[in-house]
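Topology and contacts: notes
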Amino acid sequence: MSRKPKLVIGANGFLGSHVTRQLVDAGEDVRVMVRPSANTIAIDHLDVTRFHGDIFDSATLAEAMAGCDDVYYCVVDTRAWLRDPSPLFRTNVEGTRSVLAVAKDADLRRFVFTSSYATVGRRRGHVANEDDIINPRGLTPYVQSRVQAEELVLRSAEAGLPAVAMCVSTTYGDGDWGRTPHGAFIAGAAFGKLPFLMKGIELEVVGVDDAARAMILAAERGRNGQRYLISERLIALQDVVKIAADEAGMPAPSRAISVPALYALGALGSLRARLTGKDAELSLKSVQMMRAEAPVDHSKAVRELGWQPRPVEESIREAARFWMKLRNAKKRGSPA
């Protein structure tokens, strides 16, 4: 166990809260940095030292990092559906740049950066690994922001920052207090409120606890300047829904929607967004991202970090139980 503190930036988020909990459970001295207005229900029960500020607050960042050996950077804007993508670039790119400017002078053992498997070059008929470079043409603004942020980190590593980039896939599990977009499918299945299954949609997935464990292993064993794919396997979205429904004791949707129909719904969502000026989570861009899935190889994380992910079905069932617990608590009128 390290005698120096660990810092988790974005500790109130889905992945960040699980990293924080695992560090606390291991007996580490843990600091967290969160925005003053952040919902911190996921970490309120943990014994941590809090620093309040955002990722552009250089003074607070420097104070929080002082004396730490490992920094876990878990701040990401995942709202890929935004009509105006500028917030994505401000948080994912400029925010990362701000934090790196402080980290380079902080004498760290490791800077563990939460990147995305979307930054890896994936194509159908090929199992991608960390050496596959993404084609910059035709990327959505969200993926562009993630690629640019990862490039900043890897360039900082070349300049001497002991950094690793963790290319994490879609996460499932307990404690989704922030109600992630992918968690909405689990909630819908657990509550029996999904109107249909989506055929032809596959996604790379991993348990959030397993992803958090990979982050901590990377601090201990990762190689500076490397990126690691953190995903358990490719799974059909309709299977995710069926597993969650089964855990909740609910029937899975009996109807299924085809890929052409899904594109039609996405086009309607995009049109509605233009007419109303409001963002739509289901849009042509979001459907295109779902259809862009292809398998990835996580063997580098297994080989170099000693990472051993659980079957993701276990995490999907944990996610379903989380939503059931919230539903039952709401019915009783008591906190979860």
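Right, let's walk through the structure included here. One numbering rule holds for all chains: residues counted from 1, following each sequence as written. Totals for whole chains, interfaces and linings use every residue, but because this is a predicted model, local features are given only for residues with pLDDT of at least 70 and side-chain atom pairs only at 80 or more, for both listing and counting. Only heavy atoms go into the side-chain values, all of them from the structure, while hydrogens and water stay out.

This part takes up the packing of helix α2 (residues 58–65) against helix α3 (residues 86–103). Close contact between α2 and α3 brings their axes to 9 Å; oriented N to C, the two are set at 50°. Looking at the two axes, α2 sits oblique to α3. When the axes of α2 and α3 are compared, the crossing they make is right-handed. Listed contacts from α3 to S58, L61, A62 and M65 of α2 are S98, V99, V102 and A103. Axis angles are defined between N-to-C directions and span 0 to 180 degrees, where every axis is a line fitted to C-alpha atoms and, for a helix, only to the segment in contact. By the criteria applied, helices consist of DSSP H or I runs no shorter than four residues and strands consist of E runs no shorter than two, each listed in order from the N terminus. Just so you know how the angles are binned, under 35 degrees is roughly parallel, over 145 roughly antiparallel, 65 to 115 roughly perpendicular, and the rest oblique. Note: crossing handedness is left-handed where the near helix turns anticlockwise from the far helix by less than a right angle, and right-handed where it turns clockwise. Whether two residues touch is decided by their heavy atoms; if any such pair falls within 4.5 Å, the residues are in contact.

This paragraph deals with the packing of helix α1 (residues 14–25) against helix α6 (residues 208–221). Pairs of packed helices are described in terms of their axes, by the angle between the two and the distance that separates them. Packing of α1 against α6 leaves a shortest axis separation of 9 Å and a crossing angle of 65°. Between α1 and α6 the crossing geometry is right-handed. When α1 is examined against α6, the residues F14, L15, H18, V19, R21, Q22 and L23 are found in contact with a partner set consisting of V208, D209, A211, A212, R213, M215 and I216. Gly is put with the polar residues, along with every residue not named as nonpolar or charged; the nonpolar set is Ala, Val, Leu, Ile, Met, Phe, Trp, Tyr, Cys and Pro, and the charged set is Asp, Glu, Lys and Arg. Within the contact of α1 with α6, the residues separate by chemical class into 9 nonpolar, 2 polar and 3 charged.

Moving on: the sheet that holds strand β5 (residues 110–116). Spatially, β3-β2-β1-β4-β5-β6-β10 is the arrangement adopted by the 7 strands of the open sheet, whose pairing is parallel. The open sheet has two edge strands, β3 (49–52) and β10 (227–230), and neither has a second partner. With strand direction ignored, the average angle separating the axes of adjacent strands in the sheet is 20°. Pairing between two strands requires that DSSP report at least two bridges joining them. Note: strand β1 (residues 6–9) against strand β2 (residues 30–34), 4 bridges, orientation parallel. What sits directly across from L7, in β2, is R31. Along the sheet, α6 contacts β4 (70–73), β5, β6 (163–168) and β10; its crossing angle with β5, the most-contacted strand, is approximately 145°.

As a general feature of sheets, a regular strand has side chains that alternate between the two faces. Most of β6 sits out of view: 6 of its 6 residues are buried. When β5 meets β6, the two strands line up parallel, connected through 6 bridges. Among the inter-strand pairings, F113 is bridged to a residue of β6, identified as A165. Across 4 bridges, β6 lies against β10 in parallel orientation. Each bridged residue has a counterpart across the sheet, and for M166 the counterpart in β10 is Y228. Residue exposure (1.4 Å probe, protein chains only): buried if accessible area is under 20% of the type maximum, exposed if over 50%, otherwise partly exposed.

The next point concerns the packing of aromatic side chains. One pair of aromatic rings is described through two measures. These are the centre distance and the angle between the planes. Stacked, tilted and edge-to-face pairs are distinguished by plane angle, under 30 degrees for stacked and over 60 for edge-to-face with tilted covering the rest, among Phe, Tyr and Trp rings (Trp via its six-membered ring) whose centres lie within 6.5 Å. Inspection of the entire model under this criterion finds 5 aromatic pairs. Ring geometry for F191 and W323: centres 6.4 Å apart, planes at 90°, overall edge-to-face. Of this pair, F191 sits in helix α5 (residues 181–191) while W323 sits in helix α11 (residues 312–332), and the two are 132 residues apart along the sequence. Note on W323: relative accessible area 4%, which makes it buried. Note on F322 and W323: the rings are 5.3 Å apart at their centroids and 75° apart in plane angle, and the pair reads as edge-to-face. Each member of the pair, F322 as well as W323, carries the same accessibility label: buried. One aromatic cluster is present, built from ring pairs that chain together W177, F191, F322 and W323. Criterion for a charge above a ring: Arg CZ or Lys NZ at most 6 Å from the ring centre, at most 35 degrees from the ring normal. Note that R90 overlies the ring of F56, its terminal NZ or CZ placed 4.0 Å from the centroid. Above the face of the Y117 ring, R122 is positioned so that its terminal group lies 4.7 Å from the ring centre.

Its place among the elements puts L23 in helix α1. For L23, a relative accessible area of 2% corresponds to the buried category. Note: C-alpha distance between L23 and R213 (190 residues apart in sequence) is 9.3 Å. Residue contacts for L23: discarding those within four places in its chain leaves K6, V8, E28, V30, Y72 and I216.

Think of a salt bridge as a Lys or Arg side-chain nitrogen and an Asp or Glu carboxyl oxygen that are within 4 Å of each other. Under the counting rule described, the total for this entry stands at 19 salt bridges. A salt bridge links D25 to R21; its shortest N-O distance comes to 3.4 Å. Placement of the pair is D25 and R21 together in helix α1, with a separation of 4 residues, close to one helical turn. By relative accessible area, R21 is classed as partly exposed at 26%. We note a salt bridge from E94 to R97, for which the minimum N-O separation is 3.0 Å. Highlighted residues: E94 and R97, both in helix α3, separated by 3 residues, approximately one helical turn. What makes R97 partly exposed here is its relative accessible area of 41%. Through salt bridges that share partners, K6, D69, D70 and R109 make up one connected network.

We now examine unusual backbone geometry. The backbone of D107 shows a phi angle near 55°, a positive value even though the residue is not glycine. Looking at where D107 falls in the secondary structure, it is placed in the loop between α3 and β5. Exposure remark for D107: the relative accessible area of 64% places this residue in the exposed category. At R179, a position not held by glycine, the phi torsion is positive, near 55°. Within the secondary structure layout, R179 lies in the loop between β7 (170–172) and α5. Look at R179 and you get exposed, because its relative accessible area is 56%.

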